[in-house]
Amino acid sequence: MALGSVSVSSVDSGNGDFTTPECQFLYLGHAGKNGGEVLYLDQTTDLDDALGVNASKMKTAINAARSNADTNWTAVAMPRNAAGEWETAFDIAMAQNIVCEAVVVTDAITAQTELDDIATAIANTENEFGRSLFFMTANAAPLSTESWGDYIAAFETIQSGVAAQSILFIPEVFAGWMGTVCGRLCNEKVSIADTPMRTSTGAIVGLSTLPNDKDAVPFNMSHAKALNDARGTVPQVYPDYDGIYCSDGMTLAPEASDYSVIENLRVVNKVKRQVRILAIKKVGNRELNSTPLSIASHETYFMRPIINMSQSLVSNGIYKPGEVKTPLDGDVTIQWTDRTKVQIGLLVRPYNCPKAIKAYIGLNLNNEV
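Reading guide: rules and limits
- Residues numbered from 1 in each chain as written.
- Predicted model: local features only at pLDDT ≥ 70, side-chain atom pairs only at ≥ 80, totals over all residues.
- Heavy atoms only, no water.
- Buried < 20%, exposed > 50% of the residue type's maximum accessible area, 1.4 Å probe, protein only.
- Helix = DSSP H or I, 4+ residues; strand = E, 2+ residues; numbered from the N terminus.
- Pairing = 2+ DSSP bridges.
- Core = buried A, V, L, I, M, F, W, Y, C linked by side-chain atoms within 4.5 Å.
- Contact = heavy atoms within 4.5 Å.
- 1 Å grid on protein atoms, 1.4 Å probe; cavity = no way out; pocket = protein on both sides within 12 Å on 5 of 7 lines; lining within 4 Å.
- Points joined across faces, edges and corners; volume = space filled by probe spheres on them.
- Phe/Tyr/Trp six-rings, centres within 6.5 Å; stacked < 30°, edge-to-face > 60°.
- Lys NZ or Arg CZ within 6 Å of the ring centre and 35° of its normal.
- Expected span 1.5 Å × (residues − 1).
- Bend = angle between axes of the 7 residues up to and from the residue.
- Axes fitted to C-alpha atoms, helices over the stretch in contact; angles between N-to-C directions.
- Parallel < 35°, antiparallel > 145°, perpendicular 65-115°, else oblique.
- Nonpolar A, V, L, I, M, F, W, Y, C, P; charged D, E, K, R; others polar.

Moving on to the pairing of strand β6 (residues 167–170). By the alternation rule, side chains of β6 split into I167 and F169 and L168 and I170, which are all buried. For strand β5 (residues 134–138) and β6, the ladder comprises 4 bridges, and the chain directions are parallel. Paired with F135 across the strands is I167, a residue of β6.

Counting 71 residues, the largest nonpolar core has F25, Y27, I62, F90, F135 and M136 as its most contacted members. The residues touching I62, leaving out its near neighbours within four places in the chain, are Y27, L41, L47, L51, W73 and A77. F18, V271, L278 and V324 belong to the second-largest nonpolar core, a separate cluster that totals 16 residues.

Right, let's get into the layout of surface pockets. Quantified by volume, the largest pocket comes out at close to 1200 Å³. Those elements that provide at least two residues to the lining of the largest pocket are α7 (221–229), β7 (235–238), α8 (262–280) and β10 (318–320). Per-element accounting of the lining of the largest pocket gives the leading share, 4 residues, to α7.

Although it is not a glycine, C23 adopts a positive phi angle of roughly 70°. You can see C23 is positioned in the segment before β1 (25–30).

The next subject is the packing of aromatic side chains. One pass over the full model with this rule turns up 10 aromatic pairs. Centre to centre, the rings of W86 and F135 are 5.7 Å apart; their planes meet at 70°, and the pair counts as edge-to-face. With W86 in helix α3 (residues 86–95) and F135 in strand β5, this residue pair connects regions lying 49 residues apart in the sequence. Taking the relative accessible area as the measure of exposure, F135 reaches 0% and is therefore buried. Taken together through their ring pairs, the aromatic side chains of W86, F90 and F135 make up a single cluster. The ring of F129 is capped by R131, whose NZ or CZ atom sits 4.4 Å from the centre of that ring. Geometry around Y301 places K282 over its ring, the cationic atom sitting 4.7 Å from the centre.

When the terminal C-alpha atoms of helix α9 (residues 292–309) are compared, their 27 Å separation across 18 residues agrees well with the 26 Å that a helix rising 1.5 Å per residue should span. At M303, α9 is deflected by roughly 45°, the largest bend along its length, and proline P305 occurs up to four residues later in sequence. For α9, every residue scored as buried is listed here: S294, I295, H298, Y301, F302, M303, R304, P305, I306 and M309. Considering only its buried residues, α9 is in contact with α8, β11 (332–336) and β12 (342–346).

What follows covers the pairing of β11. Bridge analysis of β11 against β12 gives 5 bridges, and the strand direction is antiparallel. Residue pairing in the sheet places W336 in a bridge with V342 of β12. The hairpin turn running from β11 into β12, its antiparallel successor, is 5 residues long.

For the rest of this paragraph, the subject is the packing of helix α5 (residues 148–159) against α7. Two elements in contact, α5 and α7, have axes separated by 9 Å at closest approach and are oriented at 10°. Judged on the interaxial angle alone, α7 and α5 are roughly parallel. Residues W148, Y151, I152, F155 and E156 of α5 pack against H223, A226 and L227 of α7. Among the residues making up the contact of α5 with α7, the classes are represented as 6 nonpolar, 1 polar and 1 charged.

What follows concerns the environment of W177. Mapped onto the fold, W177 is located in helix α6 (residues 177–185). W177 has contacts with I170, P171, E172, I204, T233, V234, P235, Y245 and C246, leaving out every residue within four places of it along the chain.

Overall, mixed pairing links the 6 strands, which are arranged β2-β3-β1-β4-β5-β6 in an open sheet. Strands at the two margins of the open sheet, each flanked by one partner only, are β2 (39–42) and β6. Across the sheet, the mean angle from the axis of one strand to that of its neighbour is 25°, orientation sign disregarded. Along the sheet, α3 contacts β1, β3 (74–80), β4 (102–105) and β5; its crossing angle with β3, the most-contacted strand, is approximately 130°. Across the sheet, α6 touches β1, β4, β5 and β6, and the angle it forms with β5 is around 150°.

Turning our attention to helix α2 (residues 57–67). Listed as buried for α2 are M58, K59, A61, I62, A64, A65 and R66. Looking at the buried positions of α2, the neighbouring elements they touch are β1, β2, α1 (47–51), β3 and α6.

This is the structure we're talking about:
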């Protein structure tokens, strides 16, 4: 008879928490202090101490972002000693595994080739590191010698023909507008599935009057429409309703793209990040095989990020939907292409969102008692 023995081992089922880069933005650009350093910022940070007492586009953007975010806002900044060094800083950030959902280039974009460089950096980052992120950048604020027509034409020229779904190119209608959009995207009262257009979280913070051009013409909704048609995210107002608000978060995606608005890109990027981790855990694991039982089990396994993101909440009688709809049977498919290669397809279902509302009002003229 053999000797008795007992062994106990642990199993990692991959049900732990994921890293959450969502709403953590990385700011790159020139500032007057701490060039070459990595700074971790929150609502209590003294920006004069961190970025220098002199004005800079980085400090203006970050100050506007945190004013329009919420209590738990955090960000990472990598100031540079000169403008135009964002690529060096970005390469360092990726090599140091700095976690972020988006990268904000605070130095003004002046030529289309700079957008091409950003698109290349996004593609290289996903190819080399498997990281899904998006960039935000802006052109310069209008000069005192420019009319709105001049400014709109210059913006249209820079973005014309660019196809890059992971870039938001912001027309800096006033200094700090790009940072304002960043803050609205990081407001914890809403989720990554919400548009910056929403009015429920209030007006933008820091500006109550839209700026004028060289001819003292105020920025108005005709200017906003022209810039929005050129895929710019712009400030907008509603007549007889106080406050300045935001348009849709427009990307430089080509016509008819699913990712022309930022909320669609953000939810898909979140799913991509989490599914990538789940897939890594299954490399070389024969539990994932072509049998019906394994396929059914792993459809549920890879559906987990979408299930988590679909959790809704009812608070004080108000329904708050999840980031996406609850997945249906068939939304995750697993297909083996040969003995060692497997393809996994996932379908993400966003909710509808009211962005243009029409109301029709009629009269009932019946002579009722």
